[in-house]
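Listed below, chain by chain, are the residues.
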Amino acid sequence: MITALAQAQQPNPLIPVLSRPSVSPKLPQAPKPSAKTAARRPTTKSKTAKPVAKPVVPKVEQAVVVSVSDSVKGRFIVPQVQLPDAAAAARINLGLVDAALGEDLEDVPQPLLVNTAITQAHTEFEAKTNDFTECRYEVLYNDHGVLSMEFTSEYRGAYPSSVKRHATFDLRTGRLLEVRDLVADTLALQQRWQQSINRRITGHLRTLPKDYPQIETDPNLLTDVKRRLYWNDSTSTVELQAGEPRFYDFAVTSFGLVLYYDFGFPHVLEALQPDTDYQLLYTEIKQWLQPKGPLSFKIEASPPSLKSVTSPRG
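Summarised in this report is the structure supplied together with it. Going along each chain's sequence as written, the residues are numbered from 1 onward. Only residues with pLDDT of at least 70 are given local features in this predicted model, and only at 80 or more are side-chain atom pairs given and counted; all residues enter the totals for whole chains, interfaces and linings. Hydrogens and water molecules were not included; the side-chain quantities draw on all heavy atoms of the structure.

### Looking at the overall build of the protein
And then number 1: In this text, helices come from DSSP runs of H or I with a minimum length of four residues, and strands from runs of E with a minimum of two, each type numbered from the N-terminal end. Each helix and strand counted, the protein has eight helices and ten strands in total.
And then number 2: Looking at the 314 residues of the protein, the share that counts as buried comes to 36%.
And then number 3: Counting only contacts in the protein whose residues sit at least 6 apart along the sequence, the fraction spanning at least 24 positions is 54%.
And then number 4: Each accessible area is a Shrake-Rupley result for a 1.4 Å probe, and residues are judged covered by the shown protein chains and nothing else. Accessible surface, the protein as shown: approximately 21,800 Å² in total, 55% of it carbon and sulfur. For the exposure calls, accessible area comes from a 1.4 Å probe over protein chains only, and a residue counts as buried if that area is under 20% of its type's maximum, exposed if over 50%, partly exposed in between. Whether two residues touch is decided by their heavy atoms; if any such pair falls within 4.5 Å, the residues are in contact.

Here's what the structure looks like:
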């Protein structure tokens, strides 16, 4: 059976074939080596070294978080992490101890290691040289190479109180992150935050007389609250000081970036202060995130171009 390719290679009897005279080509003769010319040695190609493959660094997504405490009761509880990179873990652990205990100890041991810091906190508590009575933590986010923590400290005294702090780390490097590491356009983020503060204070002042009836009977109290909130009655807006709000305290969650702004009310007026946490969803701020930052995975991929879309076959 003759294939179609073989049939195409056979000469067609209807087409005349023009033959050319066969002429054997003349090859140039190599010149004879003279007596003075030494015979050349064949050149050898230099062997190129093969590139050495770089070691593959494992991608760290989450950290193992363990609790370290002073006793069975667990008055002072401090988190510590375990990572494949021991250097990164050590760097984070120092930052966790500092965030949990560093600002509350009267005498800060150096280096600030977890066991010595907890021992110092317990010693000061038993000796009653410090109003610091308790600390605990909560993991807010632990994924995609980012760890975000919330620390709560309790204090005794005439007015028992508590303070919350936050710390966010890069699990790959162990570095303590700032807002500018996550967000490229911090000015746009600050303006959006200012709008959120305005909306909250507006609603807070509207419902304040209902929640606290003493406001209506004490006009000086309402005036004091508005002053502490930087409220301008003529413009019905909050007029913060220059450069405010600043990115002093923040946290990362699964839903968005949480920014904290405390107006610093005294303890006797603390109940009249609005909530301090402002959550900005990733859907609102994704266009301002760092393209290659720790939260770049939150940026949605651009839609495919027309060239990459294949038309269906008919």
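Read on for the rest.
### Thoughts on the sheet that holds strand 8 (residues 249–252)
And then number 1: Each pair of strands is called paired provided DSSP finds at least two bridges between the two strands. With antiparallel pairing, three strands are arranged side by side in an open sheet as 8-9-10. In this open sheet, the two strands that pair with only one neighbour each are strand 8 and strand 10 (277–281). Between one strand and the next, the sheet's axes are offset by a mean angle of 20 degrees, whatever the strand orientation.
And then number 2: One ladder, built from four bridges, connects strand 8 with strand 9 (residues 256–260); its direction is antiparallel. Directly across from Phe250, in strand 9, lies its bridge partner Leu259.
And then number 3: Working convention: axes come from line fits to C-alpha atoms, limited for helices to the stretch in contact. Angles between N-to-C directions cover 0 to 180 degrees. Along the sheet face, helix 5 (residues 186–211) touches strand 9 and strand 10 and points at about 125 degrees away from the line of strand 10.

### Some thoughts on the pattern of salt bridges
When the charged atoms of two side chains lie near each other, side chains of opposite charge can form a pair.
And then number 1: Salt bridges are counted wherever a side-chain nitrogen of Lys or Arg sits within 4 Å of a carboxyl oxygen of Asp or Glu. A complete count under the given rule lists twelve salt bridges for this structure.
And then number 2: We note a salt bridge from Arg246 to Glu244, for which the minimum N-O separation is 3.4 Å.
And then number 3: Overall, Arg246 belongs to the partly exposed group, its relative accessible area being 36%.

### Side note on the nonpolar core
And then number 1: Counting residues in each nonpolar core, the largest one holds 36 residues, and the members touching the most others are Leu189, Ile197, Val252, Leu257 and Phe263.
And then number 2: When residues of this core are traced back to their parent elements, those giving at least two are helix 4 (179–182), helix 5, helix 7 (219–228), strand 8, strand 9, strand 10 and helix 8 (282–285).
And then number 3: Per-element accounting of this core gives the leading share, seven residues, to helix 5.
And then number 4: In this structure, Ile197 is in contact with Val238, Leu240, Pro245, Tyr261, Phe263 and Tyr278, ignoring residues within four places of it in sequence.
And then number 5: Val60, Val97, Leu112 and Leu147 belong to the second largest nonpolar core, which has 31 residues in total. In these notes, a set of buried Ala, Val, Leu, Ile, Met, Phe, Trp, Tyr and Cys residues joined through side-chain atoms within 4.5 Å is what counts as a nonpolar core.

### Focus: the pairing of strand 5 (residues 161–170)
And then number 1: Two strands pair when backbone bridges link them, and strand 4 (residues 146–155) and strand 5 are joined in this way by ten bridges, in the antiparallel orientation. When the sheet's bridge partners are listed, Phe151 is paired in strand 5 with Arg165.
And then number 2: Turn length for the strand 4-strand 5 hairpin, with the two strands adjacent in sequence and antiparallel, is five residues, and the turn residue Gly157 shows positive phi of about 145 degrees.

### A few points about the sheet that holds strand 5
And then number 1: Read across the open sheet, the three strands follow the order 3-4-5; overall the sheet is antiparallel. Each end of this open sheet is capped by a strand with a single partner; those strands are strand 3 (132–143) and strand 5. In this sheet, adjacent strand axes meet at a mean angle of 15 degrees when their direction is disregarded.

### Some details on helix 3 (residues 114–127)
And then number 1: By definition here, a helix of n residues has an expected span of 1.5 Å times n minus one. Compared with the 20 Å implied by 1.5 Å per residue over 14 residues, the 20 Å span of helix 3 between its first and last C-alpha is a close match.
And then number 2: Along helix 3, the positions that sit buried rather than exposed are Val114, Ala117, Ile118, Gln120, Ala121, Glu124 and Phe125. Down the axis of helix 3, the sector holding all buried residues measures 160 degrees, keeping them to one side. With respect to the buried face of helix 3, the exposed residues turned more than 90 degrees away are Asn115 and Glu126.
And then number 3: Close packing links the buried residues of helix 3 with strand 1 (64–69), strand 2 (77–82), helix 2 (86–102) and strand 3.
And then number 4: Looking at the residues trailing helix 3, positive phi occurs at Lys128, about 55 degrees. For this quantity, the arc is that covered by the directions from the helix axis to the C-beta atoms.

### Comments concerning the pairing of strand 3
And then number 1: For strand 3 and strand 4, the ladder comprises ten bridges, and the chain directions are antiparallel. Considered in strand 4, the bridge of Tyr141 is made with Ser148.
And then number 2: Counting the residues that bridge the hairpin from strand 3 to strand 4 gives two residues, and of these His144 lies at a positive phi of roughly 50 degrees.

### What about the packing of aromatic side chains?
And then number 1: The rule is short: rings of Phe, Tyr and Trp, with Trp giving its six-membered ring, pair when the centres are within 6.5 Å, and they are stacked under 30 degrees, edge-to-face over 60, tilted in between. Evaluated as defined, the whole model comprises eight aromatic pairs.
And then number 2: Between Phe132 and Tyr155, the aromatic rings sit 5.9 Å apart at their centres with planes inclined by 40 degrees, giving tilted as the arrangement. Of this pair, Phe132 sits in strand 3 while Tyr155 sits in strand 4, and the two are 23 residues apart along the sequence. Both residues of the pair, Phe132 and Tyr155, belong to the buried class.
And then number 3: Note on Trp193 and Phe247: the rings are 5.6 Å apart at their centroids and 20 degrees apart in plane angle, and the pair reads as stacked. Of this pair, Trp193 sits in helix 5 while Phe247 sits in the loop between strand 7 (237–238) and strand 8, and the two are 54 residues apart along the sequence.
And then number 4: For Trp193, a relative accessible area of 0% puts it in the buried group.
And then number 5: Charges are assigned to positions over rings by a cutoff of 6 Å between ring centre and Lys NZ or Arg CZ, combined with an angular limit of 35 degrees from the ring normal. When the ring centre of Tyr278 is taken as origin, the NZ or CZ atom of Arg200, which lies over that ring, is 4.0 Å away.

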